Amino acid sequence: MELRSHLVLLWWLWTNIAVAENGLNGWLRYASVGCNQHCYRALPSRVVALNSTQGSPLGTATEELQTGVHAITGKRLTITEDDECSRPSTILIGTVEDYRQICRNSSTIPALDIDGFWLRTQGNAVQILGQSERGALYGAFEYLSMLAQGNFSSVDYSTSPHAPVRWVNQWDNMDGSIERGYAGSSIFFANGGIVSDLTRAKEYARLLASIRINGIIVNNVNANATLLTAENMDGLARIANVFRPYGIRIGISLNFASPKALGGLDTYDPLNPSVIAWWGNITDSLYERIPDMAGYLVKASSEGQPGPETYNRSLADGANVFAHALKPHGGVMMFRAFVYNQLNESVWTDDRANAQVNFFKHLDGEFEDNVIVQIKYGPIDFQVREPVSPLFANLYHTNTAIELQVTQEYLGQQCHLLYLPPLWKSILDFDLRVDHSPSVVRDIISGERFDRPLGGWAAVVNVGTNNTWLGSHLSMSNLYAYGRLAWSPTADSVEILQDWIRLTFGRDQHVLDTITDMSMTSWPAYENYTGNLGVQTLTDILYTHYGPNPASQDNNGWGQWTRADHYTIGMDRTVMNGTGNAGQYPAEIAAVYEDIEKTPDDLLLWFHHVPYTHRLDSGKSVIQHFYDAHYAGAEAVQKFVPQWESLRGLLDTERYEAMRTRLVYQAGHSIVWRDSINNFYWNLSGIPDENARVGHHPWRVEAESMHLEGYRPYAVSPFETASNYTSIVTSTNTTIGTASTTLKFPSGTYNVGVNYFDMYGGQSKWSLYLNDKIVGRWEGNSEDILGHTPSIYLDGHSAIRITFPGIKVHRGDRLKIVGVPDGVEPAPLDYVVFLPAGVVD
Ligand code: GCW
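Now for a look at the structure at hand. What you see is a predicted model, and the numbers here were worked out from it, not measured in a lab. (Residues numbered from 1 in each chain as written. Predicted model: local features only at pLDDT ≥ 70, side-chain atom pairs only at ≥ 80, totals over all residues. Heavy atoms only, no water.)

1. Section: the overall build of the chain
Right, so step 1: Looking only at helices and strands, the chain features 22 helices and 29 strands.
Right, so step 2: Compactness check: the chain gives a C-alpha radius of gyration of 29 Å against a globular reference of 28 Å for 841 residues, within 12% of the reference.
Right, so step 3: Seen through its C-alpha atoms, the chain measures out along the principal axes to roughly 90 × 85 × 55 Å.
Right, so step 4: At a minimum sequence separation of 6, the contacts of the chain that also span at least 24 residues come to 74%.
Right, so step 5: Carbon together with sulfur atoms contributes 51% to the accessible area of the chain, which is approximately 30600 Å² in total.
Right, so step 6: Distance between charge centres in the chain, computed from 61 positive and 89 negative side chains, equals 6 Å. (Helix = DSSP H or I, 4+ residues; strand = E, 2+ residues; numbered from the N terminus. Rg over C-alpha atoms; globule rule 2.2 N^0.38 Å. Contact = heavy atoms within 4.5 Å. Areas by Shrake-Rupley, 256 points an atom, 1.4 Å probe, with all protein chains shown as cover. Lys, Arg positive; Asp, Glu negative; His and termini not counted. Charge placed at Lys NZ, Arg CZ, Asp CG, Glu CD.)

Structure, rendered in structure tokens:
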């Protein structure tokens, strides 16, 4: 090959490698904005970093500015070491204090809170001053975010955070698994220790710093005491070293029983002097290795975790033992409010939603001032719709933080698109009217409302080793938005989303409009096809928290009850006749929730127990609302597929295809949800759908009604998760099954959907024939593709649809499906549906 072709090949490789998109850079791709000569000349040429040292946040900012500006605009900035304040064409970056001292200029600097920054761009003169180095780093990311979105305008503003604590929590286990993680294994832990290669941890730190997160708890709240061995503490120090240059401090979750489980003491009583000394020593050893450790997070006395009640000590005694140990080092003690006991549904007044106030209210004022009580947004557990946790209104003398969940545990596990900020805002913007005064949740957690020194935010994120971080490219909007809201909770959900879209997928207007529309539709749609009117997500709470299983909510001690029977549904949480939960809210709010007429429809079943025939504000009955909402929700997400497909060619192939696969899957699974919930309540109530859809599926061919060879009918459990409650499975796990029938549909072109079950532990193969001609083939390998906790049963988690579009069918054609089982998976089939244009079923 001649030199020229070599160069062409090299150039081709370089550009194509540069544009390969697998999601790893998240919103920090720094894609070229096509800067022309004019724009190039208007940019600064160098960075002057005041007092910068390598490995400091300021050093990181300088490097980031250099790589970022180059990638976005093609211009390479020089780095100048000489602290010269007044060079032209310069990005001057540093702390306010250094600027005052070195540049001897203090006239115009706006007031900044901790971590705040001031950004001023005037032509090619850019000034980024942070209240701290961390603030300066945030300012650098902000400037780069502007450029990456093609915004070269002059700006001059300062900004400071809403609250000092802006943390993420990882539920990583020491064996490398992640509780409620849907994107591979841990980037921190493997085989009981800390991984040696922390490259991914560094990349995570970079993403988090860019959204102004300043702390991370690296291990699961269901914590393992062995985290505290000397070797593992050394490993934690390595993690801290990776996060420090990004201005992020690490913290850890502790197992309350560690003094006994690891330390060899015969007690873990938090008031016992030897226990106090043990925690003191552990804390000192940690701070020797990690002098800037953020602090601890503790889940005690909850879901089997040990806690102070074993020794008749209060939760405050439990929290304070850590708080005392941390205090000399400036550490923060996050103590989780997620404490509840098993309950008895036959007791009408039992209510898990009451637990947090019952456990914590009387302790108000007893926590040390470096304790923050970390409260999940609702009283139960990350459901699709919850009222605000009443605990926020009951702690006047205690620091609080809100706990959100980026990982979509009860919300589709990253296999369903769900842009969360509108849900979060339904909580953050809620005014609890404590003592008849404005008491918006965001002002309570910031400390403003009750004049508390500390407070803020935690989000369970659970990224893993998957290149997409969370399992789905579109889910990253939630992580991005979390950081943005923790800084500024009044920011607009759509504006945040659109910044993220431009940074993640580029600036095409159609891309922007489409992803905005899909994302903003996603929460109402998911609520519609899962659980509405405040009844909760209606997922299987006893197993994977993923697919539908409304019956699992009741008749157990977990307290996520719906109290559904043949005639009625909902939790009576009134004071007058129910669990009294409405009375845990301040008077003005209690008056709303106590009164069925005043309670908003979307929380009706959270607070009231009503007949299925109860009329809503809309005029519909509860049961008809269920039916209609489930149809509307599923229909809304069918549109995501063509919407996404309209972006073909406007996005890179890898991310386009990966998301398309997920959205096609979601479209199918939303129908599983729709039918399961509707079937369940139709069965229970006996009340038919006014629109005659529930139970009527004219375009379906049930597998069990076909001629079967090597296949047999199988009654699925929960029954409602299969069409006609029945599927077919091969008669043994090695028998090939055939199901066939003659079609009676009018001749025409159909989208042919096949509903089957894709269990964990087998990769069956299916083929679909029309008149012995193969029309489609597929494999049961979704567990490898989707990443959510798989099911080993035929149920609402494993139920799945594949669609073959545009198939020509003639009346009298012979349909045949051949299923080849694999492992424990007996090539299960539920039904085949022939959908004429415009029909969703
Ligand atoms: O939502 C539930 C989860 C548990 C989790 C627990 C908690 C870490 O199902 O997996 O445990 O909450 O928040 O502590």
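2. Quick word on the pattern of salt bridges
Right, so step 1: Counted under the stated rule, the structure contains 36 salt bridges.
Right, so step 2: Between D689 and R693 there is a salt bridge, with the nearest N and O atoms lying 3.0 Å from each other.
Right, so step 3: You can call D689 buried: its relative accessible area is 7%.
Right, so step 4: Judged by relative accessible area, which is 22%, R693 ranks as partly exposed.
Right, so step 5: Between D841 and R700 there is a salt bridge whose closest N-O contact spans 3.3 Å. Taken together, the positions of D841 in the segment after β29 (829–835) and R700 in strand β19 (residues 700–702) put the pair 141 residues apart, joining distant regions of the chain. (Salt bridge = Lys/Arg side-chain N within 4 Å of Asp/Glu carboxyl O. Buried < 20%, exposed > 50% of the residue type's maximum accessible area, 1.4 Å probe, protein only.)

3. Let's talk about helix α21 (residues 653–685)
Right, so step 1: Helix length check: α21, at 33 residues, gives a terminal C-alpha distance of 48 Å against a target of 48 Å (1.5 Å per residue), a fit within 8%.
Right, so step 2: Judged by how many residues are buried, α21 sits mostly within the fold: 24 of 33 residues are covered.
Right, so step 3: Immediately beyond the C-terminal end of α21, within one or two residues, lies G686, with a positive phi of roughly 70 degrees. (Expected span 1.5 Å × (residues − 1).)

4. Thoughts on the pairing of strand β25 (residues 765–770)
Right, so step 1: Counting buried residues in β25 gives 5 out of 6 residues, a clear majority hidden from the surface.
Right, so step 2: Across 6 bridges, β25 lies against strand β26 (residues 773–779) in antiparallel orientation. Bridging from a neighbouring strand, L770 pairs with K773 of β26.
Right, so step 3: Pairing analysis gives 6 bridges linking β25 to strand β28 (residues 814–820), with the strands arranged antiparallel. The residue bridging L768 from the neighbouring strand is I817, located in β28. (Pairing = 2+ DSSP bridges.)

5. A look at the site of the ligand
Right, so step 1: Around the ligand sit 15 residues, and of these E179, K299, K376, D381 and E409 come closest.
Right, so step 2: Contact between the ligand and K376: an oxygen atom at 2.7 Å from a side-chain N or O atom of the residue.
Right, so step 3: Surface burial for the ligand is 97%, taken as the share of its 340 Å² of free accessible area covered by protein chains.
Right, so step 4: Residues that form the shell around the ligand fall into these classes: 4 nonpolar, 3 polar and 8 charged. (Near = heavy atom within 4 Å. Polar contact = N/O pair within 3.5 Å; in protein donor to acceptor, adjacent residues only side chain to side chain. Nonpolar A, V, L, I, M, F, W, Y, C, P; charged D, E, K, R; others polar.)

6. Section: the sheet that holds strand β6 (residues 155–159)
Sheet strands associate in pairs through backbone hydrogen bonding, adopting either a parallel or an antiparallel arrangement.
Right, so step 1: Pairing within the open sheet is mixed, and its 6 strands lie in the order β2-β1-β3-β5-β4-β6. Either end of the sheet is taken by a strand with one partner, and the two such strands are β2 (78–80) and β6. Each strand axis lies, on average, 10 degrees off the axis of its neighbour in the sheet, ignoring direction.
Right, so step 2: In this sheet, strand β5 (residues 125–130) lies alongside strand β3 (residues 90–95) in parallel orientation, the contact comprising 5 bridges. (Axes fitted to C-alpha atoms, helices over the stretch in contact; angles between N-to-C directions.)

7. Details of the packing of aromatic side chains
Right, so step 1: Inspection of the entire model under this criterion finds 44 aromatic pairs.
Right, so step 2: Seen in terms of ring centroids, Y593 and F607 are 4.0 Å apart; in terms of plane orientation they differ by 15 degrees. Their pairing is stacked. One end of the pair, Y593, is in helix α17 (residues 587–594); the other, F607, is in helix α18 (residues 604–607), and 14 residues separate them in sequence. Considered together, Y593 and F607 belong to a single accessibility category, that of buried residues.
Right, so step 3: Ring pairing ties together the aromatic residues F256, Y268, W278, W279, Y296, Y311 and F322, which thus form one cluster.
Right, so step 4: Here the guanidinium or amino end of K75 rests over the ring plane of Y40, the centre of that ring lying 5.2 Å away. (Phe/Tyr/Trp six-rings, centres within 6.5 Å; stacked < 30°, edge-to-face > 60°. Lys NZ or Arg CZ within 6 Å of the ring centre and 35° of its normal.)

8. Structural notes on a nonpolar patch on the surface
Right, so step 1: Together, Y760, I792 and Y793 make up a nonpolar patch on the protein surface, roughly 330 Å² of accessible area in all.
Right, so step 2: When its relative accessible area of 46% is taken as the criterion, Y760 is described as partly exposed. (Patch = residues over 30% accessible without salt bridge, like charges linked within 9 Å, V, L, I, M, F, W, Y side chains within 5 Å.)

9. Description of the side chain of Q413
Right, so step 1: On the secondary structure map, Q413 appears in the loop between β15 (399–405) and α12 (421–428).
Right, so step 2: Polar side-chain contacts of Q413 include one of 3.1 Å to the backbone oxygen of E409.
Right, so step 3: Reaching out from Q413, the side chain makes a polar contact with the backbone oxygen of T544 at a distance of 2.8 Å.

10. A look at the nonpolar core
Nonpolar side chains tend toward joint burial in soluble globular proteins.
Right, so step 1: Counting 211 residues, the largest nonpolar core has Y204, F243 and W644 as the members making the most contacts within it.
Right, so step 2: Counting residues per element, this core draws most heavily on helix α5 (residues 133–148), which supplies 10 residues.
Right, so step 3: Setting aside chain neighbours within four positions, we find W644 in contact with L474, F505, I515, M518, L651, R655, Y656, M659, R660 and L663. (Core = buried A, V, L, I, M, F, W, Y, C linked by side-chain atoms within 4.5 Å.)

11. Here's the deal with the pairing of strand β4 (residues 117–122)
Right, so step 1: Taken across its 6 residues, β4 has 5 buried, putting it largely inside the fold.
Right, so step 2: Bridging between β4 and β5 involves 6 bridges; their strand directions are antiparallel. Paired with L119 across the strands is I128, a residue of β5.
Right, so step 3: The hairpin formed by β4 and β5 contains 2 residues between the paired strands, and G123 there has a positive phi angle of roughly 60 degrees.
Right, so step 4: Pairing analysis gives 5 bridges linking β4 to β6, with the strands arranged antiparallel. Paired with F117 across the two strands is T159, which belongs to β6.

12. Some thoughts on unusual backbone geometry
Right, so step 1: The peptide bond linking S717 to P718 adopts the cis configuration, its omega dihedral lying at 0 degrees.
Right, so step 2: Note that P718 resides in the loop between β21 (711–715) and β22 (726–730).
Right, so step 3: With a phi angle near 50 degrees, Y30 is a residue other than glycine that sits in the positive phi range.
Right, so step 4: Take Y30: it is sitting in the loop between α1 (3–19) and α2 (37–41).
Right, so step 5: The residue A692 is not glycine, and still its phi comes out positive at about 55 degrees.
Right, so step 6: Its place among the elements puts A692 in the loop between α21 and β19.

13. Re the state of the cysteines
Right, so step 1: Enumeration according to the criterion identifies 2 disulfides in this entry.
Right, so step 2: The partner cysteine of C35 in its disulfide is C39, sulfur to sulfur 1.8 Å. Linking C35 and C39, the disulfide has an S-S dihedral of approximately -115 degrees and is accordingly described as left-handed.
Right, so step 3: Note on C35: relative accessible area 18%, which makes it buried. (Disulfide = S-S within 2.5 Å.)

14. Points about the environment of L432
Right, so step 1: With respect to the helices and strands, L432 occurs in the loop between α12 and α13 (441–445).
Right, so step 2: For L432, a relative accessible area of 0% gives the class buried.
Right, so step 3: Residues L432 and I79, spaced 353 residues apart in sequence, show a C-alpha to C-alpha distance of 51 Å.
Right, so step 4: Residues within four places of L432 in sequence aside, it is in contact with V388, F392, A393, S439, V441, I444, Y585, P586 and I589.

15. Observations regarding the environment of A31
Right, so step 1: Considering the arrangement of structural elements, one finds A31 in the loop between α1 and α2.
Right, so step 2: Considering only alpha carbons, one finds A31 and G506, 475 residues apart in sequence, at a separation of 7.7 Å.
Right, so step 3: Filtering out sequence-adjacent residues up to four positions away, A31 remains in contact with A71 and I72.

16. Concerning helix α15 (residues 493–505)
Right, so step 1: Between its first and last C-alpha, α15 extends 18 Å over 13 residues, near the 18 Å set by a 1.5 Å rise per residue.
Right, so step 2: Burial analysis of α15 places 10 of its 13 residues in the buried class, which makes it a mostly covered element.
Right, so step 3: Looking at the buried side of α15, the elements it contacts are α5, α12, α14 (476–487), α16 (509–529), α20 (640–645) and α21.
Right, so step 4: One side-chain oxygen of the residue at the start of α15 lies 3.1 Å from the amide nitrogen of V494, identifying that residue as D492.
Right, so step 5: G506 lies just past α15 and shows a positive phi near 100 degrees.

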